[in-house]
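# Structural characterization, general
Residue strings, one per chain:
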Amino acid sequence: DAKTTQPPSMDCAEGRAANLPCNHSTISGNEYVYWYRQIHSQGPQYIIHGLKNNETNEMASLIITEDRKSSTLILPHATLRDTAVYYCIVRVEVGIQGAQKLVFGQGTRLTINP
Amino acid sequence: NAGVTQTPKFQVLKTGQSMTLQCAQDMNHEYMSWYRQDPGMGLRLIHYSVGAGITDQGEVPNGYNVSRSTTEDFPLRLLSAAPSQTSVYFCASRLRPAGYGYTFGSGTRLTVV
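Once a new chain begins, its residue numbering starts again from 1 and follows that chain's sequence as written. Labels are handed out in written order, letters beginning with A for the chains and numbers beginning with 1 for the ligands. Per-residue local features of the predicted model are confined to residues with pLDDT of at least 70, and side-chain atom pairs are confined, for both listing and counting, to 80 or more; whole-chain, interface and lining totals are unaffected and use all residues. Where side-chain values are given, they derive from all heavy atoms of the structure, hydrogens and water being excluded.

The next point concerns the overall build of chain A. Here a helix means four or more residues in a row that DSSP labels H or I, a strand means two or more in a row labelled E, and each is numbered from the N terminus. If you tally the helices and strands in chain A, you get zero helices and 11 strands. The order of helices and strands in chain A, counted from the N terminus, is β-β-β-β-β-β-β-β-β-β-β. Since a compact globule built from 114 residues should have a radius of gyration of about 13 Å, the 14 Å found for chain A is in line with a globular shape. Viewed in the frame of its principal axes, chain A has a C-alpha envelope of about 45 × 30 × 25 Å. Relative accessible area decides the class of each residue, using a 1.4 Å probe on protein chains only: under 20% of the type maximum gives buried, over 50% gives exposed, and in between gives partly exposed. Within chain A, the fraction of its 114 residues that count as buried is 46%. Only heavy atoms enter the contact rule, under which two residues are in contact if any of them lie within 4.5 Å. Contacts in chain A between residues at least 24 apart in sequence constitute 55% of all its contacts with a sequence separation of at least 6. Where accessible areas are quoted, they stem from the Shrake-Rupley method and a 1.4 Å probe; at the residue level, only the protein chains shown are allowed to cover. Accessible surface computed for chain A: about 5,700 Å², of which carbon and sulfur atoms make up 48%. Counted charges follow a simple rule, with Lys and Arg positive, Asp and Glu negative, and His plus the chain ends left uncounted. A single reference atom marks each charge: NZ on Lys, CZ on Arg, CG on Asp, CD on Glu. For chain A, the centre of its 10 positive side-chain charges and the centre of its 10 negative side-chain charges are spaced 3 Å apart. Atoms considered for the radius of gyration are the C-alpha atoms alone. The globule rule reads 2.2 Å times the number of residues to the power 0.38.

What follows is the structure, encoded as structure tokens:
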């Protein structure tokens, strides 16, 4: 159970902002929202995460709705190198010593067009 | 600082053979995990570890063993390879506190014939 829903694919023009939505309506109060991306068949790359507040780093911004049931990842000036599969993930507690696991869904295949 | 290093990058096995996928990290990360990714699918957790000597099963542990004798290394053993284990395997690590993301290796592409 991935606990998140994302559109299977999106397109964006180079230089424009790419806005990737994610629904996580069953998220618990202490669960973070994580975003990763996977370029080609490389290992996933961490982008950003958040709990309640909006977050920004050098790669992207994360906007989380007040009810925490959805979020949007924003790549402010998309480049061709941002073409990848983007995963929105809600961490899930698994057990020993509070370890958590990432539950991956299908992700959104983002294509940046020249 | 090499991050997470996985070896080998590619491997072909015959059904019934055994092998070990290596994973090493030099970031002093407590948490380490193994995932597999099948075509068109997201990653699924095989086993994970929260520190040296402490491991546990993930979603799809059958056919795999792990051990964690040091903080740096987390090898994944295939006991008797089956074609269903053909996949791309990723190792990941992170610091223990909640506010950190995982660093993934570049993957091992395994084919079992």
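Think of a pair of aromatic rings as described by two things: how far the centres are apart, and how the planes are tilted against each other in angle. We call Phe, Tyr and Trp rings a pair once their centres come within 6.5 Å, taking the six-membered ring for Trp, and we label the pair stacked below 30 degrees between planes, edge-to-face above 60, and tilted otherwise. In the structure shown here, the tally under the stated rule is 11 aromatic pairs over all chains. When the ring of A:Tyr87 is compared with that of A:Phe104, the centres are 5.2 Å apart and the planes differ by 80 degrees; the resulting orientation is edge-to-face. With A:Tyr87 in strand β8 (residues 84–90) and A:Phe104 in the loop between β10 (100–101) and β11 (108–113), the pair connects residues that are 17 residues apart, well separated along the chain. Summarising the burial analysis for this pair, A:Tyr87 and A:Phe104 share the class buried. Geometrically, the ring pair formed by A:Phe104 and B:Tyr35 is edge-to-face, given 5.8 Å between the ring centres and 80 degrees between the ring planes. Taken together, the residues span two chains, with A:Phe104 in the loop between β10 and β11 and B:Tyr35 in strand β4 (residues 31–37).

This part takes up the interface of chain A and chain B. Listed per partner, the contact involves 24 residues of chain A and 26 residues of chain B. Between chain A and chain B lies a buried interface of about 1,900 Å² when both sides are counted; carbon and sulfur atoms form 52% of it. Put simply, buried area is how much 1.4 Å-probe accessible surface two parts lose in total, over both of them, once they are put together. Sorting the residues of chain A by area buried against chain B places A:Ile96, A:Gln97 and A:Phe104 first, and these three jointly supply 27% of that buried surface. Here, a salt bridge means any Lys or Arg side-chain nitrogen found within 4 Å of an Asp or Glu carboxyl oxygen. Along the contact surface separating chain A from chain B lie zero salt bridges.

Residues and elements named next belong to chain A. Think of it this way: DSSP has to see at least two bridges between two strands before they count as a pair. Overall, mixed pairing links the five strands, which are arranged β1-β11-β8-β3-β4 in an open sheet. Strands at the two margins of the open sheet, each flanked by one partner only, are β1 (9–13) and β4 (45–50). Going from strand to strand, the sheet's axes swing by 25 degrees on average, the running direction of each strand aside. Of the pairings in the sheet, the one linking β8 to β11 comprises three bridges and is antiparallel in character. Directly across from Ala84, in β11, lies its bridge partner Leu110. To define axes, lines are fitted to C-alpha atoms, for helices over the stretch in contact only, and angles between the resulting N-to-C directions are given on a 0 to 180 degree scale.

What follows deals with the environment of A:Ala17. Topologically, A:Ala17 is positioned in the loop between β1 and β2 (18–23). The sequence separation of A:Ala17 and A:Ile74 amounts to 57 residues, and the corresponding C-alpha distance is 6.7 Å.

A separate point is the pattern of salt bridges. Residue and element names in this part refer to chain B. In this structure the tally under the stated criterion is four salt bridges over all chains. With a shortest N-O distance of 2.9 Å, Arg36 and Asp38 are connected by a salt bridge. Relative accessible area serves as the criterion here: at 11%, Asp38 is assigned to the buried category. Between Arg44 and Asp38 there is a salt bridge; the shortest N-O distance is 2.6 Å. On the accessibility criterion, Arg44 (26% relative accessible area) is partly exposed. Residues joined by salt bridges that share partners form a network here, namely Arg36, Asp38 and Arg44.

As a further point, take the nonpolar core. With 21 residues, the main nonpolar core has A:Trp35, A:Leu73, A:Tyr86 and A:Leu110 as its most contacted residues. Those elements that place two or more of their residues in this core are β2, β3 (33–38), β4, β6 (61–64), β7 (70–75), β8 and β11 of chain A. Ranked by residue count, the leading element in this core is β8(A), at four residues. Each residue touching A:Tyr86, except ones within four places of it in the same chain, is listed here: A:Gln6, A:Leu20, A:Trp35, A:Tyr36, A:Arg37, A:Ile47, A:Leu73, A:Leu75, A:Gly107, A:Thr108 and A:Leu110. Think of a nonpolar core as a cluster: buried Ala, Val, Leu, Ile, Met, Phe, Trp, Tyr and Cys residues, connected wherever their side-chain atoms sit within 4.5 Å. If you look at the next biggest cluster of nonpolar residues, it comprises 20 residues, including A:Tyr34, A:Phe104, B:Tyr31 and B:Val50.

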